[in-house]
Amino acid sequence: MSRTASLSRGLVLGASLLVAAVLTGCAAGSARPKPAELPPNMALVGVRQAWTARLPAVGFPLQVHVQGQQVTLAATDGTVVTLDGATGRETGRASAGAPLSAGVGSDGRVSAVVTRDNQVVALEEGRELWRHKLGTQSYTAPLVAGGRVFVLGADRSLTAFDGRNGAKLWRLDRPAEPLVLRQAGMLQAVGNTLVAGLAGRMVGVDPDNGHVRWEAPLASARGTNDVERLIDLVGGVSRQGSVLCARSFQTAMGCVDTTSGAVQWSKPASGATGVAGDGQRLFGAESDGRVLAWRADTGDRAWVTEHLQWRQLTGPLVLGRSVIVGDSTGLVHMLSREDGSPLNRLSTDGSGIVATPVVAGNTLVVVTRNGGVYGFVPD
């Protein structure tokens, strides 16, 4: 499947900005390779399902937020729910009052989402604190930190709002590209620096005033058309101290020292989802379903496994001795961090894992497209 086949042009934003939606299959009329048959599950790591919860369907790029044992997630219809990660018990519920395009960001008290009609909505204790109309769409969960709410726009703008009253504090604008991804981008706090993915660059921003402190290019656009030149940094990063490692869509991955903005290394890579790391290695899935490990210090390949090819994998979670990914059939795969070999395979409702798995305390939490939320614990 070519890069062009994996994208479709969507909604017009302003005069020229188009959204490229990453589809779960190829473009209409294209044949997608059949996933390889899975071997029998050996269950080398003991895991059991501890609880389940239910949301309405999830059809947007959900980012699940974890704060200690607290898990905050949302459904397409605007429902925002907080669960106790140990028991699955619902501890909070609110509504944005409209379908969502991005969420959830939270600091444990205030949660923020973005609606399809371009409203950023802040919620606290089941009620709406404020909402603000954006000048663009957003597909990245707002970052709630330091009493502020930061929003990364689809036009590569970055806006800061007061967390209590929604007053706009500052806005950083960048030249818009013809296409952007309709999936979560990179937005992260590292110390007192706000780090955002703006095109193929990791950019360090002063959170108090929006001034750019440094820029670190991870990838350069080299294609002959707008789709091939799409190099946005995607959501899901690995952080070790001041070093952030991220993926540029279908082009490269690399690591940056956020104290100076220096690129430590950048290597070609062809994935569309985020990465995770353990300090020694980085892990990620390529667009064809191969799962790879790279050395964190050099970017050299450590191992690759092909037994999940064409299974449309989520971003990875590193947990214990495992690298964990979900797939489009609702299976959750636990792979060895050492060599990628299968350790266990967990089942859900079959509708597909819709977000990168997360861990809350001792519980692995996954969310399906049909709104199933599953908690798994060591057996």
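Residues numbered from 1 in each chain as written. Predicted model: local features only at pLDDT ≥ 70, side-chain atom pairs only at ≥ 80, totals over all residues. Heavy atoms only, no water.

**So, the state of the cysteines**
For the structure on display, the rule yields 1 disulfide. Linked covalently through their sulfurs, C245 and C255 form a disulfide whose S-S length is 1.9 Å. Disulfide C245-C255: torsion about the S-S bond near 105 degrees, hence right-handed. With C245 in strand β22 (residues 243-248) and C255 in strand β23 (residues 252-257), this pair connects stretches of sequence that are 10 residues apart. (Disulfide = S-S within 2.5 Å. Helix = DSSP H or I, 4+ residues; strand = E, 2+ residues; numbered from the N terminus.)

**Things to note about the side chain of T140**
With respect to the helices, strands and loops of the structure, T140 is situated in the loop between β11 (127-133) and β12 (143-145). Taking relative accessible area as the criterion, T140 reaches 4% and is therefore assigned buried. If sequence neighbours within four positions are ignored, T140 has contacts with Q63, A102, L152, Q183, A184, G185 and L187. (Buried < 20%, exposed > 50% of the residue type's maximum accessible area, 1.4 Å probe, protein only. Contact = heavy atoms within 4.5 Å.)

**Some thoughts on the sheet that holds strand β35 (residues 372-378)**
If you trace the 4 strands from one edge of the open sheet to the other, you get β3-β35-β34-β33, paired in antiparallel fashion. Each edge of the sheet is formed by a strand with only one pairing partner; in this case those strands are β3 (47-54) and β33 (358-360). Strand-to-strand twist across the sheet, computed as the mean angle between neighbouring axes with direction ignored, equals 30 degrees. In terms of strand pairing, strand β34 (residues 363-367) meets β35 through 4 bridges, oriented antiparallel. By the bridge assignment, L364 is partnered in β35 with F376. (Pairing = 2+ DSSP bridges. Axes fitted to C-alpha atoms, helices over the stretch in contact; angles between N-to-C directions.)

**Remarks on the pattern of salt bridges**
This structure, assessed with the given rule, holds 19 salt bridges. Here R148 makes a salt bridge to D208, at a shortest N to O gap of 2.8 Å. A residue pair is termed long-range when its members are at least 10 positions apart, and R148 in strand β13 (residues 148-152) and D208 in the loop between β19 (201-205) and β20 (212-217) qualify at 60 residues. Overall, R148 belongs to the buried group, its relative accessible area being 16%. Linking R295 and D297 is a salt bridge whose minimum nitrogen-to-oxygen distance equals 2.6 Å. Owing to a relative accessible area of 40%, R295 belongs among the partly exposed residues under this scheme. Of the residues examined, D297 reaches a relative accessible area of 48% and is grouped as partly exposed. Each of the salt bridges in this network shares a partner with another, and the network as a whole consists of R109, E124, R127 and R164. (Salt bridge = Lys/Arg side-chain N within 4 Å of Asp/Glu carboxyl O.)

**A short note on the environment of V80**
For V80, the location among the structural elements is in strand β6 (residues 79-84). You can call V80 buried: its relative accessible area is 5%. Along the sequence, V80 and A112 sit 32 residues apart, while their C-alpha atoms lie 9.2 Å from each other. Residue contacts for V80: discarding those within four places in its chain leaves T72, L73, A74, G92, R93, A94, V104, V113 and L123.

**Here's the deal with the pairing of strand β17 (residues 187-190)**
Along a regular strand, successive side chains alternate from one face of the sheet to the other. Note: β17 against strand β18 (residues 193-198), 4 bridges, orientation antiparallel. The residue bridging V190 from the neighbouring strand is T193, located in β18. Linking β17 back to β18 in an antiparallel pair, the connection comprises 2 residues, with G191 at a positive phi of about 60 degrees.

**Some remarks on the environment of Y374**
Position of Y374 relative to the elements: it lies in strand β35. Along the backbone, Y374 and W51 are 323 residues apart, and their C-alpha atoms lie at a distance of 6.1 Å. Those residues in contact with Y374 that lie beyond four places of it in its chain are Q49, W51, T52, R54, T348, D349, L364, V365, V366 and T368. At a separation of 3.4 Å, a polar atom in the side chain of Y374 contacts the main-chain amide nitrogen of D349. (Polar contact = N/O pair within 3.5 Å; in protein donor to acceptor, adjacent residues only side chain to side chain.)

**Regarding unusual backbone geometry**
Cis geometry marks the peptide bond from G103 to V104, where omega comes out at 10 degrees. The residue V104 is located in strand β8 (residues 100-106) in this model. In this model, E125 sits at a positive phi of 50 degrees, which is unusual for a non-glycine residue. Note that E125 resides in the loop between β10 (119-124) and β11.

**Side note on the packing of aromatic side chains**
Under the defined criterion, the tally for this structure stands at 4 aromatic pairs. For the ring pair F150 and W170, a centre distance of 6.1 Å and an interplane angle of 45 degrees mean the geometry is tilted. Placement of the pair is F150 in strand β13 and W170 in strand β15 (residues 168-172), with a sequence separation of 20 residues. For F150, a relative accessible area of 2% translates into the label buried. Relative accessible area serves as the criterion here: at 8%, W170 is assigned to the buried category. (Phe/Tyr/Trp six-rings, centres within 6.5 Å; stacked < 30°, edge-to-face > 60°.)

**Side note on the side chain of D206**
As for its placement among the helices and strands, D206 is situated in the loop between β19 and β20. Judged by its relative accessible area of 14%, D206 is buried. A polar contact is formed between the side chain of D206 and the side chain of R213, at a distance of 3.3 Å. If sequence neighbours within four positions are ignored, D206 has contacts with W170, H211 and R213.

**A closer look at the nonpolar core**
One finds L62, V64, L73, V367 and V373 to be the most contacted residues of the largest nonpolar core, which totals 28 residues. Setting aside its immediate chain neighbours within four residues, V373 contacts W51, T52, A53, L55, L73, L83, V365, V366 and V367. (Core = buried A, V, L, I, M, F, W, Y, C linked by side-chain atoms within 4.5 Å.)

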